[in-house]
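This is what each chain is made of:
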Protein chains: 2
Amino acid sequence: MFEAEVRVELKKGVADPEGKNTKKALDLLGFDKVTEVKTSKFFTITLDASSEAEAKAMMDDMCVKLLANPVIHIPLINIKEV
Amino acid sequence: MFEAEVRVELKKGVADPEGKNTKKALDLLGFDKVTEVKTSKFFTITLDASSEAEAKAMMDDMCVKLLANPVIHIPLINIKEV
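The following paragraphs examine the structure supplied in this document. Since this is a predicted model, take the numbers as computed values, not measurements.

Turning to the overall build of chain A, a few remarks are in order. Counting its regular elements, chain A contains 2 helices and 3 strands. Overall, chain A shows an N-to-C arrangement of helices and strands of β-α-β-α-β. Computed over C-alpha atoms, the radius of gyration of chain A comes to 16 Å, more than 25% over the 12 Å expected from 2.2 N^0.38 for 82 residues, which places it beyond the range of a compact globule. Across its three principal axes, chain A shows a C-alpha extent of roughly 50 × 30 × 15 Å. Here chain A holds 82 residues, and 39% of them are scored as buried. Taking as baseline every contact in chain A between residues at least 6 positions apart, the subset at least 24 positions apart corresponds to 70%.

Here it is in structure tokens:
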């Protein structure tokens, strides 16, 4: 069994309103040393693959087909055996 | 300057409808080797703190006050100097 962690980050230059609003809220709460907030989506996927290479290939395919939008997202995949 | 990565995970037993629906969509796309999908929220926060200890204290405070709900979330904080 493999566990894949996928962080779906926004590409540079793509608007991140959730990050901007979190930054604003932190400012209002008095956290004035925060200079930037960026948000991303995180998936933890358990896979019944036979090898790490197979797991990686499946994860790449999932990112293309469902998890990430190639126009605005960069998926970062990290796989470990469990 | 420090960069803090905060992963706001759901506690065990808390419903994760987004994860469940992602699992369903992956099943429909033919990814039948996926056994579980969990989702979490990920923040990347840049801080103008003077030490790693100060950055850690600020992040703990932010998690309590804004980023995580202690009833359903577990925040995982990771800090590095940049």
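With antiparallel pairing, the 6 strands of this open sheet are ordered in space as β3(A)-β1(A)-β2(A)-β2(B)-β1(B)-β3(B). The open sheet terminates on both sides in strands that have one partner only, identified here as β3 (73-81) of chain A together with β3 (73-81) of chain B. When strand polarity is set aside, the average angle formed by the axes of neighbouring strands in this sheet is 20°. Of the pairings in the sheet, the one linking strand β2 (residues 34-47) of chain A to strand β2 (residues 34-47) of chain B comprises 13 bridges and is antiparallel in character. Bridge pairing in β2 of chain B links Ile45 of chain A to Val37 of chain B. Contacts between helix α1 (residues 17-28) of chain A and the sheet are confined to β2 of chain A together with β2 of chain B, with β2 of chain A contributing the most and set at about 125° to the helix.

Another aspect to go through is the relation of the copies chain A and chain B. After a rotation of 180° and a shift along the axis of 0.0 Å, chain A superposes on chain B with an RMSD of 0.0 Å. Interpreted geometrically, this transformation is the action of a two-fold axis. No C-alpha of chain A lies nearer the rotation axis than that of Lys41 of chain A, which sits 2.7 Å from it. In this assembly the copies share their binding face: 100% of the residues contributing to the interface of chain A also contribute to that of chain B.

Right, let's talk about the packing of α1 of chain A against helix α2 (residues 52-67) of chain B for a bit. Any two packed helices are characterised by how steeply their axes cross, that is the angle between the axes, and by the distance between the axes. Packing of α1 of chain A against α2 of chain B brings their axes to within 11 Å, and their N-to-C directions diverge by 105°. The orientation of α1 of chain A relative to α2 of chain B falls into the category roughly perpendicular. Residues Thr22, Ala25 and Leu26 of chain A of α1 of chain A lie in contact with α2 of chain B, whose contacting residues are Met62, Leu66 and Leu67 of chain B. Split into classes, the residues belonging to the contact of α1 of chain A with α2 of chain B amount to 5 nonpolar, 1 polar and no charged.

Cut-off values and rules
- Residue positions are given per chain, counting from 1 as you read along its sequence in written order.
- Chains carry letters and ligands carry numbers; both start at the beginning, A for chains and 1 for ligands, and go up in the order they are written.
- Totals for whole chains, interfaces and linings use all residues, but because this is a predicted model, local features are given only for residues with pLDDT of at least 70 and pairs of side-chain atoms are given and counted only at 80 or more.
- As a rule here, side-chain values cover all heavy atoms of the structure and leave hydrogens and water aside.
- Every helix listed is a DSSP run of H or I at least four residues long, and every strand listed is a run of E at least two residues long, numbered separately from the N terminus.
- Each radius of gyration is computed over the set of C-alpha atoms, and the globule rule expresses the reference value as 2.2 Å times the number of residues to the power 0.38.
- With a 1.4 Å probe rolled over the protein chains alone, any residue whose accessible area is under 20% of its type maximum counts as buried; one over 50% counts as exposed, and the rest are partly exposed.
- Any pair of residues with heavy atoms lying within 4.5 Å of one another is described as a contacting pair.
- Strands are treated as partners if at least two bridges between them are detected by DSSP.
- The axes used here are C-alpha line fits, helices contributing only the stretch in contact, and every angle between their N-to-C directions lies in the interval 0 to 180 degrees.
- A least-squares fit on C-alpha atoms brings the copies together, and the residues used are those whose pLDDT is at least 70 in both copies.
- To sort the angles, those under 35 degrees are grouped as roughly parallel, those over 145 as roughly antiparallel, those from 65 to 115 as roughly perpendicular, and the leftovers as oblique.
- Under the convention adopted here, Pro, Cys and the residues Ala, Val, Leu, Ile, Met, Phe, Trp and Tyr are nonpolar, Asp, Glu, Lys and Arg are charged, and Gly plus all remaining residues are polar.

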